Amino acid sequence: MKMATSTRCIAALVISSMLLVSASAATAGLSADFHAASCPQLESIVRAAVQSARAANVQVTAGLLRIFFHDCLPEGCDASILLEPELSTGPNQSLQKNAVDLIESIRAKVHAACGPTVSCADIIALSTRDAVSLSGGPTFAMPLGRTDSLEGADDVSMLPGPGSSVDALLTLFNTRALSDPADLVALSGGHTVGKASCDFIRNNDDFTRSLTRQCNASPSKKTSLDTITPDVFDNKYFVALKARHGVFVSDQGLADHPRTSGLVTTFAANQTAFFAQFAKSFVKMGSIPGPKGEIRRNCFRPNSRLEMDAGSFGAVADE
């Protein structure tokens, strides 16, 4: 009887969470059926493209997650990440190129089928959601209706690094309407499919010193942030943190901080709870509004630049 009651409570909490997420997205002017009339085949096009990309390189899931986070945190989810100078600034220089190119490839397919009705920002959100699902993670509705920024952000200094303290991360997330510590912990769970260069390993105990030695022996290879099931989106990242096998300072800190350690314990023991919170927090992050923009006809250039380039080509042809 107690187990049945507990199951009903968890289900009620999940439903309540998703209702709150839907309300938040509606406030941001987004809805899951935003493109239902203008591009009914949108989700099938995106999912097929992501599935094909994962078949060629399973690490595209981590690449898309990083693009999504780096796009949304500075100034909202507006695909500014794909414009210069933002794309080549600071930590964005190491974004996975095949994941960046995948966004534009999907945009071209979607616009060929439906016309320029879907933003690059919506494609980033959908493709990342699908990559998570196809990697074994949760399946959930993604509110849509974002527009694309007219220019890239000049300042990405707020993007957190692998050596960030939990206090600094909580403060940053709070400024982005992600004030629940569960948002930080669940979204950090995206590292379950991530990898890191040798220089970012925390290297301050026997486990990480051993990782550093192995990594330095083959510096072209990266270290998995989930040392148990590195290519599967699951809760083993949190299991590793409980065993003090976190790779980043920012990861292992979650298991030690008084505001986050209990969540790490919960998610390590209960994958369903992690998946429910990840879906909720992912949609919350995806609902951070960017400045009012446009539907780009090329994800790497604002439409004004495309028109200017077309005019220049026309002038050369006329001569």
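Residues numbered from 1 in each chain as written. Predicted model: local features only at pLDDT ≥ 70, side-chain atom pairs only at ≥ 80, totals over all residues. Heavy atoms only, no water.

For the rest of this paragraph, the subject is the state of the cysteines. By definition, a disulfide links two cysteine residues through a covalent bond between their sulfur atoms. Summed over the entire model, instances satisfying the criterion amount to four disulfides. Two residues share a disulfide in this structure: Cys198 and Cys215, whose sulfurs sit 2.0 Å from each other. The sign of the -90° torsion about the S-S bond sets the Cys198-Cys215 disulfide as left-handed. Within this pair, whereas Cys198 is found in the loop between strand 1 (195–196) and helix 8 (206–217), its partner Cys215 is found in helix 8, the two being separated by 17 residues in sequence. For the pair Cys198 and Cys215, one class covers both residues: buried. (Disulfide = S-S within 2.5 Å. Helix = DSSP H or I, 4+ residues; strand = E, 2+ residues; numbered from the N terminus. Buried < 20%, exposed > 50% of the residue type's maximum accessible area, 1.4 Å probe, protein only.)

Moving on, we come to the pattern of salt bridges. All chains considered together, the criterion is met by 10 salt bridges. The partner of Arg129 in a salt bridge is Glu43, and the shortest N-O contact between them spans 2.8 Å. On the criterion of sequence distance, the pair formed by Arg129 in helix 5 (residues 120–134) and Glu43 in helix 2 (residues 42–56) is long-range, its members being 86 residues apart. Given the relative accessible area of 5%, Arg129 is considered buried. Between Asp256 and Arg244 there is a salt bridge whose closest N-O contact spans 2.9 Å. Of this pair, Asp256 sits in the loop between helix 10 (249–254) and helix 11 (261–269) while Arg244 sits in the loop between helix 9 (236–242) and helix 10, and the two are 12 residues apart along the sequence. When its relative accessible area of 40% is taken as the criterion, Arg244 is described as partly exposed. Each member of the salt-bridge network shares a partner with another, and the members are Glu43, Arg47, Arg129 and Asp130. (Salt bridge = Lys/Arg side-chain N within 4 Å of Asp/Glu carboxyl O.)

Omega for the peptide link from Glu84 to Pro85 comes to 5°, which places this bond in the cis form. Checked against the element boundaries, Pro85 lands in the loop between helix 3 (60–75) and helix 4 (97–114). The phi dihedral of Arg244 is positive, around 60°, even though this residue is not glycine.

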